[in-house]
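Secondary and tertiary structure notes
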Amino acid sequence: MRRPRGAWAGPSYALRRPCRAVLPRTLARMAEETRLALVRRARKINRVLAETYPYAHCELDHVNAWQLLVATVLSAQTTDLRVNQVTPALFAKYPHPADLAGADPADVEDLIRPTGFFRAKTRSITKLAAAVVGEHDGMVPKTLAELVKLPGVGRKTAFVVTGNACACEASRAGDPNHGANVTTPFGVPGITVDTHFGRLVRRWKWTDATDPEKVEAVVCDLFPKSEWTMLSHRVVFHGRRICHSRRPACGACPIAPLCPSYGEGETDPEKAKKLLKYEKGGLPGQRLKPPPDYPGLPGRPLGAE
């Protein structure tokens, strides 16, 4: 059976539209695919995403596990860009867990106000700081079991930390110089099921589950453990840049021939190209200090958007 025509055209992000005559048959084939066919399709999507986003990474600016943990808590109901815009001032004033644990809540609220829900978030991060100091000697724990016991930390936040953080001894409470140059990667693979990840895997028919833990279990079973962390980054990158919630850029999507939901968004390549965001659309990214291999522009500081 023929597949829809479609080819990723490199930097131009052009994509020939799949043949409409065969698209219904292709979608029906995906709907009836076997377990083996699903695994193969999912892994092919991951390979295409790896080619499309070789620079995929966590989009929260951080230099150690403590900063990443706080930034992830602050990222609820806001963008990573907004978090990256407020955390420099927050960490400059409260560089260590002990500093934040003893902070005046009103001062913290003023610093994180742009992230929204600033009062609740202030309570969350100050309680979190107190727990890290009181229960872990000022060091962010490295295991999922320990992390999820911290106030305000769920599985998603814990996997962000275990998959991306380095345990920097400089974050030890009350001792800013202790082991400042010593870093040890956490390196624990995990699937981070955020809004983008859950939305895309349902759009791709990997699962119809909506509960994050059920989504995590299904996706973990499709891929080897070594792929979990980078898969999470690639899917989130794709959801933020091309496969948008309300108007996906189907005509500029490199995985259109593999997607059972092709056609939900704009299929005209030129019109779809105008929907691309961040580096794919020639726009500033989310990180103010992106990694060296990031091909786009850094995010803009607060007030400079």
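Refer to the structure presented above.
Read on for a plain summary of the structure. Bear in mind that the values here come from a model prediction, so they are computed numbers and not experimental data.

Another aspect to go through is the packing of helix α3 (residues 65-74) against helix α9 (residues 155-164). Axes are the key here: two packed helices are described by the angle between their axes and the distance separating the axes. Running from amino to carboxyl end, α3 crosses α9 at an angle of 150°, the nearest separation of the two axes being 9 Å. When the axis of α3 is compared with that of α9, the two are roughly antiparallel. For α3 against α9, the interelement crossing comes out right-handed. When α3 is examined against α9, the residues L68, L69, T72 and V73 are found in contact with a partner set consisting of T157, V160, V161 and N164. For the contact of α3 with α9, the class distribution of residues is five nonpolar, three polar and no charged.

Attention now goes to helix α12 (residues 228-241). Helix length check: α12 (14 residues) gives 20 Å between terminal C-alpha atoms against 20 Å at 1.5 Å per residue, within 8%. Across the 14 residues of α12, 13 count as buried, placing the element largely inside the fold.

Under the 1.5 Å per step criterion, the end-to-end length of helix α4 (residues 80-93) is 20 Å for 14 residues, consistent within 8% with the ideal 20 Å. Where α4 bends most, at T87, the angle is about 35°, and the proline P88 comes one to four residues later. Where α4 is concerned, the buried positions are D80, L81, V83, N84, Q85, V86, T87, L90 and F91.

This next bit is on the packing of aromatic side chains. Under the defined criterion, the tally for this structure stands at six aromatic pairs. Judged by centre distance (5.8 Å) and plane angle (80°), the ring pair of Y55 and Y294 falls under edge-to-face. In this pair, Y55 sits in the loop between α2 (35-52) and α3 while Y294 sits in the segment after α13 (269-273), placing the two residues 239 residues apart along the sequence. When its relative accessible area of 8% is taken as the criterion, Y55 is described as buried.

Structurally, K127 is set in helix α7 (residues 118-136). The exposed category is assigned to K127, whose relative accessible area is 53%. The sequence separation of K127 and L150 amounts to 23 residues, and the corresponding C-alpha distance is 8.7 Å.

What counts, and at which threshold
Residues numbered from 1 in each chain as written. Predicted model: local features only at pLDDT ≥ 70, side-chain atom pairs only at ≥ 80, totals over all residues. Heavy atoms only, no water. Axes fitted to C-alpha atoms, helices over the stretch in contact; angles between N-to-C directions. Helix = DSSP H or I, 4+ residues; strand = E, 2+ residues; numbered from the N terminus. Parallel < 35°, antiparallel > 145°, perpendicular 65-115°, else oblique. Left-handed = near helix turned anticlockwise from the far one by under 90°. Contact = heavy atoms within 4.5 Å. Nonpolar A, V, L, I, M, F, W, Y, C, P; charged D, E, K, R; others polar. Expected span 1.5 Å × (residues − 1). Buried < 20%, exposed > 50% of the residue type's maximum accessible area, 1.4 Å probe, protein only. Bend = angle between axes of the 7 residues up to and from the residue. Phe/Tyr/Trp six-rings, centres within 6.5 Å; stacked < 30°, edge-to-face > 60°.

Read these as layout, nothing more, since geometry by itself doesn't imply function.
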